[in-house]
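Each chain is listed here by its residues.
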Amino acid sequence: MRTITINGTKYPVHFGMRAVNTFLKRTGKTLSEIVTARDVISSLDGIVALASIGLTEGARKEYGHEDAGEYSEDVVWDFIDEQPELIFEFVDAFAEEIRPMMERMEGYGPNQQAGK
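So, how was this worked out
- Residues numbered from 1 in each chain as written.
- Predicted model: local features only at pLDDT ≥ 70, side-chain atom pairs only at ≥ 80, totals over all residues.
- Heavy atoms only, no water.
- Buried < 20%, exposed > 50% of the residue type's maximum accessible area, 1.4 Å probe, protein only.
- Core = buried A, V, L, I, M, F, W, Y, C linked by side-chain atoms within 4.5 Å.
- Helix = DSSP H or I, 4+ residues; strand = E, 2+ residues; numbered from the N terminus.
- Contact = heavy atoms within 4.5 Å.
- Axes fitted to C-alpha atoms, helices over the stretch in contact; angles between N-to-C directions.
- Parallel < 35°, antiparallel > 145°, perpendicular 65-115°, else oblique.
- Left-handed = near helix turned anticlockwise from the far one by under 90°.

## Re unusual backbone geometry
Step number 1: The residue Asn7 is not glycine, and still its phi comes out positive at about 50 degrees.
Step number 2: Residue Asn7 is classed as partly exposed on the basis of its relative accessible area of 45%.

## Digging into the nonpolar core
Step number 1: Counting 29 residues, the largest nonpolar core has Ile4, Ile6, Leu55, Val76, Phe79, Leu86 and Phe90 as the members making the most contacts within it.
Step number 2: Of all the secondary-structure elements, those providing two or more residues to this core are strand 1 (3-6), helix 1 (17-27), helix 3 (44-63), helix 4 (73-82) and helix 5 (86-105).
Step number 3: The contact partners of Val76, leaving out residues within four places of it in the chain, are Val48, Ala51, Ser52, Leu55 and Phe90.

## What to know about the packing of helix 1 against helix 3
Step number 1: Close contact between helix 1 and helix 3 brings their axes to 10 Å; oriented N to C, the two are set at 140 degrees. One element, helix 1, and the other, helix 3, form an angle in the oblique class. When the axes of helix 1 and helix 3 are compared, the crossing they make is right-handed. Across the interface between the two elements, Arg18, Ala19, Thr22, Phe23 and Arg26 from helix 1 touch Gly46, Ala49, Leu50, Ser52, Ile53, Glu57 and Arg60 from helix 3.

The analysis is restricted to geometry; functional conclusions fall outside its scope.
Below, the structure written as structure tokens:
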């Protein structure tokens, strides 16, 4: 799992399908509306929302339980205020995980079958 160093501490970050689903619920978007990473990260609010979800999911996966802690958007904004370059690290981490996921999902539309 990828980690991001914030103020000298390494934090696990994860952008799997659960994270994508949480983002879709929070933003009211559909999966087809965020087909590319660019569609998701077109605003600072979107990046911060994703970072909050990615940090929360990273902690959940790393520590193995649901109450590993939730990183609010306010906490993420504070991190970014102290280290503005974190914006790019979160974007890179998201793009790194979403590209293979979206590539694997191509061809699984409502009128298509797996492997065809």
